[in-house]
Amino acid sequence: MHFIERFSKYNRDSKVALIGAITEKPEYFTQALTQSRYRSSVEQQKLESFSENTIANYHLPYGIAPNFLVDGKVYHIPMVIEESSVVAAAAKSAKFWYFRGGFQTESISVSKKGQIHFFWYGNNQEIKTIVQRLLPELKESLRYFTSRMEERGGGIKSIQLNDRTSDIPHYFELDFTIETADSMGANFINSLLEKAAQYLQESLSPNHRNNLEINMAILSNHTPDSKITMKVECPISMLDDVDENMKGEQFARKFCNAVEISKKNISRAVTHNKGIMNGIDSVVMATGNDYRAVEGAAHAYAVQEGNYTSLTECNLSNELFTYCLSIPLSVGSVGGLTNLHPLAKQSLEILHNPSAKELMKIIAAAGLANNFGAIKSLITTGIQKGHMKLHLENILMNFNIQEEKKVKVRKHFQNKPFSYRDIESYINSIT
């Protein structure tokens, strides 16, 4: 393998050839990436503009989990994910809760954060006085950025100077709380912060200016003030038909115990929250939002008390089973890829072009649904029963055999554990 000089300057065919040359089968690689199924004849130029050094499109399954009843409104939710059983689990949970009141929003807020991080090498009280004096002028200088956002109900909600010198010598943080209406608003926030940093620097007297060193101006993906709490709730008696081997009261107790374990045991908590993110991320991706930002915020929220814990709460009282998910979600339904990516745009149309708040509700419902389905399986039939059925189909794709033989394989392994080698051995025995 050798260093590739100025890779970005090559055309696509040359890039493919260069990368293909370092693979075991260059001709196969080149042929695979030049086939039309990995490229769009209509949208390719637009798709390639989203990122850099593009040589192909990477396909993931795009599915629908139907019949989500969220705050009295029905949604059929698009999900982009490669993991077996996630969409099926979401759909099954949606159907289950459709007849038990659906998913209900407990609370929702949409404020986001951004900071100017700077170092002050003068008197600490002096910078506090200067910033307090400059705040009205600073807000006015940003009117160019905020006026249209304010018309849609957004804009700067507060600006606060935080003295962080106990953490790092001379370090201060100018903290902005911002609402971006239906846009995720990353570019808006970053542009606003950079302009604010420039204004702060230029507004100081020459002597004071020498004491100020702007380090960076950037939005924060830690969004505890853009948060939603979503719940499902029903009488415990309505859980009697969940599993033929236990009454609703036993199911509810086992369910809440499983959640309690995830609150106290980090090994279980990570897997528990990953099950939530299966649903969250897949809808975030389908709608052209930033799933890495959502993941980061969720896990930061899970550890806010000092120990990593579950994002959900389970409660049994007054003969009611209540299950809640509280999670920070910073998403948009306008701007960015939501309007540019052809399937993201279609996803939002399927969801009736929701506002950002409505999209938060839909995403949270999907996360709670997937988590409910996972725990339901864990405490009843076990997680592998449904998963392995789909896993078997994935393995069968590796074998070039007729459908009648696939039927035999499915029947043979219907109620028994298996590995790839087990399936290969059985196929050879019937060939």
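Look up: the structure comes first, before these words.
Residues numbered from 1 in each chain as written. Predicted model: local features only at pLDDT ≥ 70, side-chain atom pairs only at ≥ 80, totals over all residues. Heavy atoms only, no water.

Further remarks concern the environment of E424. Within the fold, E424 resides in helix α17 (residues 420-430). Considering only alpha carbons, one finds E424 and K15, 409 residues apart in sequence, at a separation of 37 Å. (Helix = DSSP H or I, 4+ residues; strand = E, 2+ residues; numbered from the N terminus.)

The antiparallel open sheet is built from 4 strands, whose spatial order is β3-β8-β10-β9. If you trace the sheet from one side to the other, it starts and ends with β3 (104-108) and β9 (312-317), each paired once. Direction aside, neighbouring strands of the sheet carry axes that sit 20° apart on average. Both β9 and strand β10 (residues 320-328) contribute to a ladder of 6 bridges, which runs antiparallel. Paired with S317 across the strands is L320, a residue of β10. The sheet strands contacting helix α11 (residues 291-302) are β8 (227-235) and β10, and the helix crosses β10 at an angle near 120°. (Pairing = 2+ DSSP bridges. Axes fitted to C-alpha atoms, helices over the stretch in contact; angles between N-to-C directions. Contact = heavy atoms within 4.5 Å.)

Another point: helix α4 (residues 86-98). Each α-helix winds once per 3.6 residues, and so residues spaced three or four apart point in a common direction. The terminal C-alpha atoms of α4 lie 18 Å apart, and with 13 residues this matches the ideal 18 Å at 1.5 Å per residue to within 8%. Buried residues along α4 sit against β1 (62-70), β2 (73-80), β8, α10 (266-286), β10 and α14 (356-378). (Expected span 1.5 Å × (residues − 1).)

The strands that make up a sheet are held in pairs by hydrogen bonds between backbone atoms, and each pair lies either parallel or antiparallel. Read from one edge of the open sheet, 4 strands run β5-β6-β4-β7, paired in antiparallel fashion. The strands lining the two open edges of the sheet, one partner per strand, are β5 (155-163) and β7 (212-220). When strand polarity is set aside, the average angle formed by the axes of neighbouring strands in this sheet is 15°. The pairing of β5 with strand β6 (residues 171-179) spans 8 bridges and is antiparallel. Within β6, the residue paired with Q160 across the bridge is D175.

What follows deals with the packing of α10 against α14. Contact geometry for α10 and α14: axes closest at 7 Å, N-to-C directions at 140°. As far as their axial angle goes, α14 and α10 are oblique. Classified by chirality, the crossing of α14 by α10 is right-handed. Contact residues: R268, H272, G275, I276, N278, G279, I280, V283 and V284 in α10; I363, A364, A366, G367, N370, N371, I375 and L378 in α14. For the contact of α10 with α14, the per-class residue count stands at 9 nonpolar, 7 polar and 1 charged. (Parallel < 35°, antiparallel > 145°, perpendicular 65-115°, else oblique. Left-handed = near helix turned anticlockwise from the far one by under 90°. Nonpolar A, V, L, I, M, F, W, Y, C, P; charged D, E, K, R; others polar.)

So, on to helix α1 (residues 12-20). Within α1, the full set of buried residues consists of R12, K15, V16 and G20. The buried residues of α1 all sit within an arc of 125° when viewed along its axis, so they share a single face. Two or three places before D13, at the start of α1, stands the capping residue N11, its side-chain oxygen 3.3 Å from that residue's backbone nitrogen. (Buried < 20%, exposed > 50% of the residue type's maximum accessible area, 1.4 Å probe, protein only. Arc of directions from axis to C-beta. Polar contact = N/O pair within 3.5 Å; in protein donor to acceptor, adjacent residues only side chain to side chain.)

Turning our attention to unusual backbone geometry. In this structure, N53 is a non-glycine residue whose phi angle is positive, near 55°. The exposure class assigned to N53 is partly exposed, which follows from its relative accessible area of 39%. One non-glycine residue, H352, lies in positive phi territory at about 65°. Within the secondary structure, H352 sits in the loop between α13 (342-350) and α14. Exposure remark for H352: the relative accessible area of 47% places this residue in the partly exposed category.

Let's shift gears to the nonpolar core. In this structure, F68, F103, F255 and F321 are the most contacted members of the largest nonpolar core, which totals 61 residues. Sort the elements by how many residues they give to this core and α14 lands first, with 11 residues. W120, L174, F188 and L212 belong to the second-largest nonpolar core, a separate cluster that totals 29 residues. (Core = buried A, V, L, I, M, F, W, Y, C linked by side-chain atoms within 4.5 Å.)

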